[in-house]
Amino acid sequence: MCENKKTFYITTPIYYPSAKLHIGHAYCTTIADAVARFKRLAGYDVFFLTGSDEHGQKLQRTAESQGLKPIEYIDKIVAGFKELWQRLEISNDDFIRTSEPRHHKVVQEIFRRIQEKGDIYKGEYTGLYCTPCESYWTELQLDENGCCPDCHRPVEKVSEEAYFFKMSKYADAVLKHIEDNPDFLEPKSRRNEMINFIKQGLEDLCISRTSFDWGIPVPGDEKHVIYVWFDALTNYLTPIGFLDDEKKFAKFWPADLHLVGKEIVRFHTIIWGCILMALGIELPKKVYGHGWLIIEGDKMSKSKGNVVDPMLLIDEFGADAIRYFLLREITLGQDGNFNRDALITRINSDLANDLGNLLHRTLNMIGKFQKGILYPATEGTELDQSFRAEAIETAKEYRRMMEEMQISDAVKIVWKFIGRSNKYIDETMPWKLAKDENSAQELSNVLYNLAESLRIVGILISPFMPATAKKIHEQLKISAPFEEIKLEDAETFGKIEVNHEVGKPEQLFPRIEVK
Ligand code: ME8
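So, how was this worked out
Residues numbered from 1 in each chain as written. Predicted model: local features only at pLDDT ≥ 70, side-chain atom pairs only at ≥ 80, totals over all residues. Heavy atoms only, no water. Helix = DSSP H or I, 4+ residues; strand = E, 2+ residues; numbered from the N terminus. Rg over C-alpha atoms; globule rule 2.2 N^0.38 Å. Buried < 20%, exposed > 50% of the residue type's maximum accessible area, 1.4 Å probe, protein only. Contact = heavy atoms within 4.5 Å. Areas by Shrake-Rupley, 256 points an atom, 1.4 Å probe, with all protein chains shown as cover. Lys, Arg positive; Asp, Glu negative; His and termini not counted. Charge placed at Lys NZ, Arg CZ, Asp CG, Glu CD. Pairing = 2+ DSSP bridges. Axes fitted to C-alpha atoms, helices over the stretch in contact; angles between N-to-C directions. Parallel < 35°, antiparallel > 145°, perpendicular 65-115°, else oblique. Nonpolar A, V, L, I, M, F, W, Y, C, P; charged D, E, K, R; others polar. Near = heavy atom within 4 Å. Polar contact = N/O pair within 3.5 Å; in protein donor to acceptor, adjacent residues only side chain to side chain. Phe/Tyr/Trp six-rings, centres within 6.5 Å; stacked < 30°, edge-to-face > 60°. Lys NZ or Arg CZ within 6 Å of the ring centre and 35° of its normal. Core = buried A, V, L, I, M, F, W, Y, C linked by side-chain atoms within 4.5 Å. Left-handed = near helix turned anticlockwise from the far one by under 90°. Salt bridge = Lys/Arg side-chain N within 4 Å of Asp/Glu carboxyl O.

Peer 1: Would you take a moment to explain the overall build of the protein for this structure?
Peer 2: Secondary structure assignment for the protein yields 17 helices and 18 strands. For 515 residues, the compact-globule formula gives about 24 Å, and the C-alpha radius of gyration of the protein, at 26 Å, lands near that figure. Overall, the C-alpha framework of the protein stretches about 90 × 55 × 40 Å when taken along its three principal axes. Within the protein, the fraction of its 515 residues that count as buried is 57%. Within the protein, contacts between residues separated by at least 24 positions form 78% of all contacts whose residues are at least 6 apart in sequence. Put simply, the protein shows about 22,200 Å² of open surface, and 49% of that area lies on carbon and sulfur atoms. Within the protein, one finds 66 positive and 79 negative side-chain charges whose respective centroids are separated by 2 Å.

As structure tokens, then:
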């Protein structure tokens, strides 16, 4: 049975350890984590990969300027990445570092295979190189000031002996792949950008440098190191057994989703597409280019001095509140604003008020009116029935939205149902029913329905806010282990056993006082 389990392989980009990670990086990893957790909940065998992209001239220069060897400098920063992902409850199955021997082996083998095929050749490179972006540009691609079109910093003219990868040979095939497979590249707007980019003509790609040595040597010609993007992209093959576990590789490749920022879609579709075609390996099923977190209209970056440190935010508000904000506020694929006031408003209204109060009121009433016990419920009134139907509808709609990567819509639909549940309390007025002996059955129905709605909400929010979901599970005292809960459990109403005793309410989110 295990063998037939659906699999899902999802990756984030591997991050440069050139600076502290900011909330923009946390955004990308949080989305990937929510998708990975959703897929596990939906019964998939998931492999979720993140990591660090550790080579290149820029890192070597930075380390040396601090009197350190590159690896000494990088080790410290990567330890910080790992701590951040742990504190943000990122559930990655592996963390790949491109400095690891397991990765070097793969990169060199890929280089060797493509070279053997005749698609890598030696030549002379003269070009315009942007060191901060580790990218080569042509004259035509530069911005209006003759600078890098991505970061707008000056480019350097570089001339050296180098190896080239015959990208031009694969340009038509990659173009056809993008055109024939509408699901390969999303959102749709990015597809057109890439199609136009290829149609302008693809030159062969320079894939080695001799001007520094912090990288993976070209096999058999060690004065060259392999271009960082050629090195970095292959990280996606390494941890799923590319060279050492055929069965595992067959299980997880092609990747289901490379989630990346919009500025690196080009590398993940065109360059990566060409490399894979040269290797005769299938292309990933989907590359999704998400938008950027913007601070007052500008992309967050260290050089602009507008970075927001996610660690400080987690210290102040907790990981789940940050995750909630990122997943809810920004429509995937578009740019979105990060704003502290908006974060506090969301915490107070959506988390403390809507969700926190629903749990608190419900458990409090069950405790007060029925000694914490959920008595048998009947079909109840029309209102009860429509409330139950809405819970199931919400779970089904949520599944559809998450499958289609409409993450913020999925968050919103759960909150709509939380709002509905609070309104159900106001409409049914359990405190009034509790005063009338003849309404005992009605009261039991309402309290049971509320407990069930919370059980369902807890499941649906578990990919977004795993710690909060677990708290709800524990306060409801659901007997099944939290880790074994499945999405189907949210699509059936009435799973809590009769005469089940719930726990006492504990606050989920304190209100943030705004000074
Ligand atoms: O590009 N908002 O690494 P990186 C949203 N090493 N996303 C942001 C962001 C922001 N303000 N700032 C950065 C690299 N990101 C390469 C990847 S993969 C084989 C190699 C996202 O650390 C950015 O869009 O510069 C990108 O997807 C990711 O962080 C890594 O950026």
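Peer 1: Any chance you could explain the sheet that holds strand 5 (residues 135-137) here in plain terms?
Peer 2: Either a parallel or an antiparallel arrangement is found when strands of a sheet pair, and the pairing is made through backbone hydrogen bonds. Strand order in the open sheet made by the 4 strands is 5-4-6-8, with antiparallel pairing throughout. The open sheet has two edge strands, strand 5 and strand 8 (205-206), and neither has a second partner. Here strand 4 (residues 120-130) pairs with strand 6 (residues 156-165) via 10 bridges, running antiparallel. Bridge pairing in strand 6 links Gly 127 to Val 158.

Peer 1: Explanation requested: the packing of helix 13 (residues 382-403) against helix 14 (residues 407-428) in the structure shown.
Peer 2: When two helices pack together, their arrangement is given by the angle between their axes and by how far apart the axes lie. Running from amino to carboxyl end, helix 13 crosses helix 14 at an angle of 170°, the nearest separation of the two axes being 9 Å. Considered as vectors, helix 13 and helix 14 are oriented roughly antiparallel to each other. Taking contact as the criterion, the partners of Leu 383, Asp 384, Phe 387, Glu 390, Ala 391, Thr 394, Glu 397, Tyr 398, Met 401 and Met 402 in helix 13 are, on helix 14, Ile 407, Asp 409, Ala 410, Ile 413, Val 414, Phe 417, Arg 420, Ser 421, Tyr 424, Glu 427 and Thr 428. A class-by-class count of the residues in the contact of helix 13 with helix 14 yields 12 nonpolar, 3 polar and 6 charged.

Peer 1: Looking at this structure, how should I read the environment of Pro 463?
Peer 2: Mapped onto the elements of the fold, Pro 463 is located in the loop between helix 16 (440-461) and helix 17 (466-476). The spacing of Pro 463 and Val 411 is 52 residues in sequence and 10.0 Å in space, taken between C-alpha atoms. Ignoring any residue separated from it by four or fewer positions in sequence, one finds Pro 463 in contact with Ala 34, Arg 37, Phe 38, Leu 41, Arg 323 and Tyr 398.

Peer 1: When you look at the side chain of Arg 388 in this model, what are you seeing that I'm missing?
Peer 2: When you line up the elements, Arg 388 lands in helix 13. Setting aside anything within four residues of it in sequence, one finds Arg 388 in contact with Thr 378, Glu 379, Asn 449 and Phe 493.

Peer 1: Would you mind showing me how to read the sheet that holds strand 10 (residues 217-218) here?
Peer 2: Reading across the sheet, the 3 strands line up as 9-11-10 and stay open at both edges, with antiparallel pairing between neighbours. Two strands bound the open sheet, and with one partner strand each, they are strand 9 (208-209) and strand 10. Here strand 9 pairs with strand 11 (residues 221-226) via 2 bridges, running antiparallel. Residue Ser 208 lies in a different strand from strand 11, and its bridge partner there is Ile 226.

Peer 1: Before we go on, may I ask you to explain the pairing of strand 3 (residues 94-97) in this structure?
Peer 2: A regular strand places its side chains on the two faces of the sheet in alternate fashion. Burial along strand 3 is two-sided: Asp 94 and Ile 96 facing one way and Phe 95 and Arg 97 facing the other are all buried. Examined bridge by bridge, strand 2 (residues 45-52) and strand 3 share 4 bridges and lie parallel to one another. Bridge pairing in strand 3 links Ser 52 to Arg 97.

Peer 1: What exactly am I supposed to notice about the site of the ligand here?
Peer 2: As a matter of local geometry, the ligand sits amid 25 residues, with Ile 14, Asp 53, Gly 261, Glu 263 and Leu 293 nearest to it. In this structure, an oxygen atom belonging to the ligand sits 3.0 Å away from a main-chain N or O atom of Tyr 16. In this structure, a nitrogen atom belonging to the ligand sits 2.7 Å away from a side-chain N or O atom of Asp 53. When the ligand is considered free in solution it has 670 Å² of accessible area, and contact with the protein chains removes 94% of it. For the shell around the ligand, the elements supplying multiple residues, two or more each, are strand 1 (7-15), helix 1 (23-41), helix 7 (228-233) and strand 12 (257-261). Split by residue class, the shell around the ligand holds 14 nonpolar, 8 polar and 3 charged.

Peer 1: Which parts of the structure should I look at to understand the packing of aromatic side chains?
Peer 2: A ring pair, where both rings are aromatic, is described by two values, the distance of the centres and the angle of the planes. Counted under the stated rule, the structure contains 24 aromatic pairs. Over the ring of Tyr 44 we find Lys 6; its NZ or CZ atom is 4.4 Å from the centre of that ring.

Peer 1: What's the story with the nonpolar core in this structure? I'm lost.
Peer 2: As a rule of thumb, soluble globular proteins bury nonpolar side chains together. Ranked by size, the top nonpolar core spans 110 residues in total, and within it Ile 23, Trp 85, Phe 338, Tyr 398, Trp 415, Ile 461 and Phe 464 carry the most contacts. Counting residues per element, this core draws most heavily on helix 16, which supplies 12 residues. In this structure, Tyr 398 is in contact with Phe 38, Leu 41, Ala 410, Ile 413, Val 414, Leu 460, Pro 463, Phe 464 and Leu 487, ignoring residues within four places of it in sequence. In this structure, Val 107, Phe 267, Cys 274 and Leu 279 belong to the second largest nonpolar core, which totals 67 residues.

Peer 1: I would appreciate a short explanation of the packing of helix 4 (residues 101-116) against helix 9 (residues 265-279) in the present structure.
Peer 2: Two elements in contact, helix 4 and helix 9, have axes separated by 9 Å at closest approach and are oriented at 65°. One finds that helix 4 runs roughly perpendicular with respect to helix 9. Crossing of helix 4 over helix 9 shows left-handed handedness. Where helix 4 approaches helix 9, its residues Ile 110, Arg 113 and Ile 114 are matched on the opposing element by Ile 275, Ala 278 and Leu 279. Here the contact of helix 4 with helix 9 is composed, by residue class, of 5 nonpolar, no polar and 1 charged.

Peer 1: So what exactly am I meant to see when it comes to the pattern of salt bridges here?
Peer 2: Taken as a whole and assessed by the stated rule, the structure comprises 37 salt bridges. When the shortest N-O distance is used, the salt bridge between Arg 97 and Asp 75 registers 2.7 Å. Of this pair, Arg 97 sits in strand 3 while Asp 75 sits in helix 3 (residues 70-87), and the two are 22 residues apart along the sequence. Here Arg 97 falls in the buried class, since its relative accessible area comes to 14%. On the basis of relative accessibility, which here comes to 35%, the residue Asp 75 falls in the partly exposed class. As a salt-bridge pair, Lys 176 and Asp 180 come within 2.5 Å of each other at their nearest N and O atoms.

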